[in-house]
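Reading the structure
Given next are the chains, with one letter for each unit.
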Amino acid sequence: MSDGESTLKAPYFPHGSTIVDAALRRQEGDHGVGARGRKIDGAEKALGRTRFADDYAFPGMLCCKLKRSTRPHARIVRVDVEPALAIPGVHAVITGRELPTKFGIIPWTQDETALAVDKVRYVGEPVAAVAAIDEETANAAVRALRVEYQDLTPVLDVDTAKRTGDAPESKVNEHAKQGNVTKRVELSFGPVDDNIEACRKDGAVVEDSFFYCGTTHAPIEPHCAIGLVEGGPGAQGLLTVISSTQVPHYLHRDLAHVLGLPEAQVRVIQPPVGGAFGGKSEPFTLEFVVAKLAMMTGRPVKCLYTREEVFLAHRGRHPMRMRFTTAADRQGQLKAVKSVIDLDGGAYASFGMITAYYAGQILTGPVAMESYAFDATRYYTNKPACGPKRGHGSVQPRFAFECHLDMLAEQLGMDPIELRRRNFAGENVTLVNGQRLGSSGLLQCLDAVERASRWRERRGKLGANASERGTKRRGLGVASSMYISGTNYPIYPNEMPQSGVQVKLDRSGRVTMFSGASDIGQGSDTVLMTIACEELGVRPEHVRVVSSDTDLTPVDLGAYSSRVTLMMGHAALEACRRLREQVQEAVARAWQCEPDDVLLGHGKVWARHDTQQSISSAEAFKLAEARFGTLGATGGYRTHPRGGDYRGGTIGASPAYSSTAHVAEVEVDTETGKIDVVKVWVAHDCGTAINPVLVEGQIEGSTYMGAAEVFLENMLYGADAVGVPAASAARRGGMLVGPSLLDYRIPTTLDTPAIFASVIERPDGNGPYGAKEAGEGPLHSTIPAVVNAVYDAVGVRYFELPLSPARVLAGLRQQRDGAQPTTHKAAE
Amino acid sequence: MLRLDPFKVERPTTVDEAVALLAAHGAKARVLAGGTDLLPNLKHGLHQPELVVSIGGVAGLRGVKDAGEVLEIGALTTLAELERHPLLAQFAPGLARAAAQVAGPQLRRMGTIGGNLCLDTRCLYYNQSAFWREALGYCLKKDGSVCHVVADGKKCVAAASNDTATMLMALGAEVELRARDGTRRVPLDAFYLPDGAKNTVVDEGELLVCVRVPKGSPARREGYAKLRHRNSIDFPLLSVAVALDVEGVAPGTVTGGLLVVSALQARPLRVSLDAVRGRALDDGAIEELGRLAHGRCHPMTNIADDPAWRRDMVPVLVRRAVADALHA
């Protein structure tokens, strides 16, 4: 068993040592670590052959549909299921009373049920579920169901949440001990207030309110789950749930918990997933109800969410109102950062307790500060629950902080890149909040984007030069960030590995990797294949990956917190190494040489001192199978506690941190207020790139997603919309304005910037082969880079997202009238 | 996925068959051409037809013909075809550019000019799922009695959102409506009604078969400007079309034409060019046109964006439409 602190017997850093000639590593024909390999599932997906959850059908399968609340906050007086049950073809109807056990992804905040019990907390909350012979019948049954409500006080924003929650009429969720507060985190490191005062006298201090609007994941594949009861030795059968999830293990646990079954009687299968981004990282209503309905009816039951239901399931980025104070001395040394943050959480906790921590804990590098304090409070409101979206919790404060760095640089007369360089935390250092930063390629990232964007020649000069373009102004902006590669602390406390991998070799020459990890498109199956190729010297076509099936694969905690490559990678490496040693030993015996002189690579096994002597991998595996019997090995990854020695100090503590820098070039249309993000240069330090193509894909995907959050995406509710007639305001307040891909605008190819991605490799001893994360970090600094570029273009600071044309134009007008735009109204 | 409620489908092959079916079923029938408007609306439960008359197989309704003074455009001509059609490039380039801004490429390959002209009016409170509208308590246009845009409003203000209608109205086009008992030609100006519940004069039993676009004089300049957040897919937040007759050397003198603004309410709004007729088309004249249009346009919350900003955009779009006309 390996862990974050120990090393394996053989050196694995920076690269393994098994390939014949390391110089061949990145050349054609090699498929190990660092090779630009294809994705293991790429061709299948391109050819349309991949089977997603909804592609599965079983004889006798029933269709499940949900009755959803039309009220934001109301007591359920009565649910009349009889009219639905009376419809021919309806097999079962359940309400919250059939599934009353509470669950929740965080063990300390189990505050939701699969179907509403006694009261509803947001418009769209599931109240009842039906199973019928087909979709039409199920829809008819849902329409026939009658729910009688008694309205309670809707709590639709943080300001209202702060004032309410003491009386039952205005308490959104009974789990809140005090008012409507889910969680408050208050931490302070060093003499923050003294440092701020000192900088006020000699230095620069900026103090502003920022607002980051809510956004959602919008995966192309909607949530889908199928429940089946079959197999097993007893008449009761085993429960299998096939689901588009990114956490099959947590789903496994919660299904057993809510349905009252032994875990050994439950199986979860996660087929290939068509996008998740954090939106499928906890159990959802549909998974429990298909299981329950399958158990009740004895038939397979499927539920596929409509696009609107995907919006209602949500768990997207929290709207955050953030008051930031940032102080530097005259030399530009960052002395203090202080934030007060309100999170608008929605009706349930989801990951919210962690979100409140992440809103503070991940900001302390790679640009470091001498003292730091944050005070983050998450509130319950009568809206779909917020949760983790790519860059969980830390994207919003990163936006505020990196804008502040830009402002400080201006006040101090420094280049903003230089300010960041000057405050670089360094490597192998302990950050102000006690977190241990290993490798960090911040300086290399900054160099790369500075050079590629021709920052020094062009920044501050594009706006003026754009006069021939008439009403459009261009600008450049920079930002940097850091992100975790998994957290040392598992979601539920336990001493077991966070990730396990089992590997089987046999005489066919094939390697089969069994892993509980979830490939949600990011490419974890491909990483498993690459590690098999690297360690066992086989070709990709000889590797099979079996992943995310709780009956077949060892446990992995899931695809979240950018943990998979690091943790699963360690486990895979360890299992493969064990088998490699057996192969080396068996072949050495046949060749009468030392095991260390047996090398594995390019689909063959070679003699170190005589490359004319080689046999195929399959021949070598036969020798090993003859020598050792059936070939199999396991590997696992577990972490030691890390982080600061205080309550919450482990949250956000990671074995390794990535670093990122962005330079964005924007064009602002000063007549309409529209922003065009023209180009983005991004450099991301992922440690060792196990597959650079996958890393580039993650950088590009993160960057375009981040850019869109600046100017397009917004989870807008009726209560926030402009000009609502009073008569309909009450009904509308808790309703999403446009729960569709027409009204919630994700960018088209025409709205996506040209992205120039550089992979920076600054290996970290805690990662397999030195690898760190790439899936979420490259989103963070996109947003402040774009906002800072807007300032460079037009000279107006914006503190609220999204930068809608109306908001941008209002700012330009205030500039013309001699006033800066106001900060978020509620924060004044 | 959202389901379609059951309905019967007929696939006539001639216009006579099609209008006979429409006449026989009256309000219970709906016409399906490219389906890009009707099918999503059916899935949202906005119409409950018993019969859908799919006219895709009707002969003779597709293509652009040079008919002397006018171009005749068959109702089934797709927006993608109009985008690149040589006759439009020569005689109605503004229409080609407006067609090119409808939705995205896949939808323009399916969507037709007839369908775009008959596009149902759109509103934030109407183009939503059955569940959403139920939670809202429905609205004036469908199943309810309350307008959520205008307090105590008694008349639906859902917005005309068709890009080609704005341009064709500016060009003085007319449509040909066929019924079992005859054919009538209606100028687009008279085709649209100021009622969001139903904003065209198409009667039960009638089928729009053809659009006739005057080829205009060599002096005619055509421009179109569309306000939207994304550069594809989105319906207009505001659209301005202009047909300008400009004579003489640049900047030239305005001798006629029309300005049309849409995505406001049910009927595209005509703005006369009388104020600048006989004047040089210089910056001052363009500003004046913008002021005139601004004075008459009152965007509402039927579209989910800041109406004050959309109103501010009226003169900007007028300027851009004129620039498009003069420089495209």
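Let us look at the structure shown here. (Residues numbered from 1 in each chain as written. Chains lettered and ligands numbered in written order. Predicted model: local features only at pLDDT ≥ 70, side-chain atom pairs only at ≥ 80, totals over all residues. Heavy atoms only, no water.)

Moving on, we come to the overall build of chain A. Helix and strand content of chain A: 22 helices and 29 strands. Computed over its C-alpha atoms, the radius of gyration of chain A comes to 27 Å, within 12% of the 28 Å expected for a compact globule of 828 residues. Seen through its principal axes, chain A has C-alpha atoms that stretch 85 × 75 × 50 Å. Counting across all 828 residues of chain A, residues that qualify as buried make up 65%. Accessible surface, chain A: about 28,400 Å² in total, of which carbon and sulfur atoms supply 49%. (Helix = DSSP H or I, 4+ residues; strand = E, 2+ residues; numbered from the N terminus. Rg over C-alpha atoms; globule rule 2.2 N^0.38 Å. Buried < 20%, exposed > 50% of the residue type's maximum accessible area, 1.4 Å probe, protein only. Areas by Shrake-Rupley, 256 points an atom, 1.4 Å probe, with all protein chains shown as cover.)

How big an interface is tends to be stated in terms of accessible area lost as the parts join. Opposite the 37 residues of chain B that make contact, chain A presents 44 residues. Its largest share of buried area at the contact with chain A, chain B owes to B:Phe131, B:His229 and B:Arg230, together 20% of the area lost on that side. Taken together, the connections running from chain B to chain A amount to seven salt bridges. Taken together, the connections running from chain B to chain A amount to 19 residue pairs in polar contact (both at pLDDT 80 or more). Of the residues assigned to the side of chain B that touches chain A, the class counts are 19 nonpolar, eight polar and 10 charged. (Contact = heavy atoms within 4.5 Å. Buried area = accessible area lost by both parts, 1.4 Å probe. Salt bridge = Lys/Arg side-chain N within 4 Å of Asp/Glu carboxyl O. Polar contact = N/O pair within 3.5 Å; in protein donor to acceptor, adjacent residues only side chain to side chain. Nonpolar A, V, L, I, M, F, W, Y, C, P; charged D, E, K, R; others polar.)

Further remarks concern helix H12 (residues 307–327) of chain B. Relative to the 30 Å expected for 21 residues at 1.5 Å per residue, H12(B) spans 29 Å between its end C-alpha atoms, a close match to the ideal helical length. Taking the largest bend as the criterion, H12(B) deviates by roughly 35°, centred on B:Val314, and proline B:Pro315 comes between one and four positions later. Taken as a whole, H12(B) has its buried residues at B:Pro307, B:Trp309, B:Arg310, B:Met313, B:Val314, B:Val316, B:Leu317, B:Val318, B:Ala321, B:Val322, B:Asp324 and B:Ala325. Contacts made by the buried residues of H12(B) are with helix H22 (805–816) of chain A together with helix H5 (93–99), strand E9 (220–227), strand E10 (238–247), strand E11 (253–262) and helix H11 (283–296) of chain B. (Expected span 1.5 Å × (residues − 1). Bend = angle between axes of the 7 residues up to and from the residue.)

Residues and elements named next belong to chain A. Strand order in the open sheet made by the three strands is E23-E24-E25, with antiparallel pairing throughout. Two strands close off the open sheet at either side, each with one partner strand: strand E23 (598–601) and strand E25 (610–616). Within this sheet the neighbouring strands show an average axis-to-axis angle of 30°, counted without direction. Here E23 runs beside strand E24 (residues 604–607); their pairing, made up of four bridges, is antiparallel. (Pairing = 2+ DSSP bridges. Axes fitted to C-alpha atoms, helices over the stretch in contact; angles between N-to-C directions.)

Our next topic: the pairing of strand E7 (residues 182–187) of chain B. The side chains of a regular strand alternate, first on one face of the sheet and then on the other. Residues and elements named next belong to chain B. Judged from the six bridges that link them, strand E6 (residues 174–179) and E7 form a sheet pairing that is antiparallel. Bridge pairing in E7 links Glu 176 to Arg 185. Where E6 folds back on E7, the antiparallel hairpin that results is connected by two residues.

A few words on unusual backbone geometry. Residues and elements named next belong to chain A. The omega angle of the peptide bond from Gly 365 to Pro 366 is -10°, so this bond is cis rather than trans. Its location among the elements puts Pro 366 in the loop between helix H9 (352–361) and strand E16 (371–379). Even without a glycine there, the phi angle at Asp 118 is positive, about 70°. You can see Asp 118 is positioned in the loop between strand E4 (90–95) and strand E5 (119–120).

Take the state of the cysteines next. Two cysteines joined by a covalent bond between their sulfur atoms form a disulfide. Residues and elements named next belong to chain A. Counted according to the given criterion, the structure contains zero disulfides over all chains. Among the cysteines around Cys 64, which has no disulfide bond, Cys 303 carries the closest sulfur, lying 4.2 Å off. By relative accessible area, Cys 64 is classed as buried at 1%. According to the relative accessible area criterion, Cys 303 is buried, its value standing at 2%. (Disulfide = S-S within 2.5 Å.)

Moving on, we come to the pairing of E24(A). All names here are of chain A. Two successive antiparallel strands, E23 and E24, enclose a turn made up of two residues, where His 602 displays a positive phi of approximately 60°. Pairing of E24 with E25, which is carried by four bridges, proceeds in the antiparallel orientation. Among the inter-strand pairings, Lys 604 is bridged to a residue of E25, identified as Ser 616. From the end of E24 to the start of E25, which pair antiparallel, there are two residues.

Now for the packing of helix H18 (residues 692–711) of chain A against helix H21 (residues 782–794) of chain A. Residues and elements named next belong to chain A. Look at H18 against H21: their axes get within 8 Å of each other, and the N-to-C directions meet at 50°. As the angle between them shows, H18 and H21 are arranged oblique. Pair H18 / H21 crosses with right-handed handedness. Packed against H18, whose contacting residues are Ser 702, Thr 703, Gly 706, Ala 707 and Val 710, the element H21 presents Thr 782, Ile 783, Val 786 and Val 787 at the interface. Considering only residue class, the contact of H18 with H21 consists of five nonpolar, four polar and no charged. (Parallel < 35°, antiparallel > 145°, perpendicular 65-115°, else oblique. Left-handed = near helix turned anticlockwise from the far one by under 90°.)

Moving on, we get to the pattern of salt bridges. Inspection of every chain in the model, using the stated rule, returns 85 salt bridges over all chains. The salt bridge partner of A:Lys302 is A:Asp54, with a shortest N-O separation of 3.0 Å. Highlighted residues: A:Lys302 in strand E13 (residues 301–304) and A:Asp54 in the loop between helix H1 (42–46) and strand E2 (62–68), separated in sequence by 248 residues. B:Arg184 is the salt-bridge partner of B:Asp203, the closest N and O atoms lying 3.8 Å from each other. Separated by 19 residues along the polypeptide, B:Asp203 in the loop between helix H10 (188–191) and strand E8 (207–214) and B:Arg184 in strand E7 bring together distant segments of the chain.

Attention now goes to the environment of B:Arg319. All names here are of chain B. Within the fold, Arg 319 resides in helix H12. By relative accessible area, Arg 319 is classed as partly exposed at 26%. Put simply, Arg 319 and Lys 215 are 104 residues apart on the chain and 24 Å apart in space, counted from C-alpha to C-alpha.

The next subject is the sheet that holds strand E6 (residues 126–132) of chain A. All names here are of chain A. Strand order in this open sheet of seven strands is E4-E6-E2-E13-E10-E11-E12, and the pairing throughout is mixed. Lying at the two open borders of the sheet, with one neighbouring strand each, are E4 and strand E12 (266–269). Mean inter-strand twist for the sheet, computed between neighbouring axes without regard to direction, equals 20°. Two elements, E2 and E6, share six bridges in a ladder whose sense is antiparallel. When the sheet's bridge partners are listed, Cys 63 is paired in E6 with Ala 132. The sheet contacts of helix H7 (residues 285–297) involve E2, E4, E6, strand E10 (224–230), strand E11 (238–243) and E13, and relative to E10 the element is tilted by about 30°.

Taken N-terminus to C-terminus, the directions of H22(A) and H12(B) make an angle of 70°; their axes are 10 Å apart at the nearest point. Here H12(B) runs roughly perpendicular to H22(A), going by the angle between their axes. Of the residues in H12(B), those touching H22(A) at A:Pro805, A:Ala806, A:Leu809 and A:Arg813 are B:Trp309, B:Asp312 and B:Met313. When its residues are assigned to classes, the contact of H22(A) with H12(B) shows five nonpolar, no polar and two charged.

This part covers H7(A). Residue and element names in this part refer to chain A. Given a rise of 1.5 Å per residue, 13 residues ought to cover 18 Å, and the 18 Å separating the end C-alpha atoms of H7 matches this to within 8%. The complete set of buried residues in H7 reads Thr 285, Leu 286, Glu 287, Phe 288, Val 289, Val 290, Ala 291, Leu 293 and Ala 294. Downstream of H7 by a residue or two, Gly 298 has a phi angle that is positive, lying close to 75°.

Residues and elements named next belong to chain A. Topologically, Arg 797 is positioned in the loop between H21 and H22. On the basis of relative accessible area, Arg 797 is assigned to the buried category, the value being 7%. Polar side-chain contacts of Arg 797 include one of 3.2 Å to the side chain of Asp 406. A polar atom in the side chain of Arg 797 sits 3.3 Å from the side chain of Asn 788.

This paragraph deals with the environment of A:Gly811. Looking at where A:Gly811 falls in the secondary structure, it is placed in helix H22. Sequence separation between A:Gly811 and A:Arg797 is 14 residues, and the spatial gap between their C-alpha atoms is 8.1 Å.

If you walk through the whole model with that rule in mind, you get 15 aromatic pairs over all chains. Ring geometry for B:Phe191 and B:Tyr192: centres 4.9 Å apart, planes at 80°, overall edge-to-face. With a relative accessible area of 0%, B:Phe191 lands in the buried category. A:Lys383 extends its terminal NZ or CZ atom over the ring of A:Tyr717, reaching a point 5.0 Å from the ring centre. Over the face of the ring belonging to A:Tyr791 we find A:Arg797, whose NZ or CZ atom lies 3.7 Å from the ring centre. (Phe/Tyr/Trp six-rings, centres within 6.5 Å; stacked < 30°, edge-to-face > 60°. Lys NZ or Arg CZ within 6 Å of the ring centre and 35° of its normal.)

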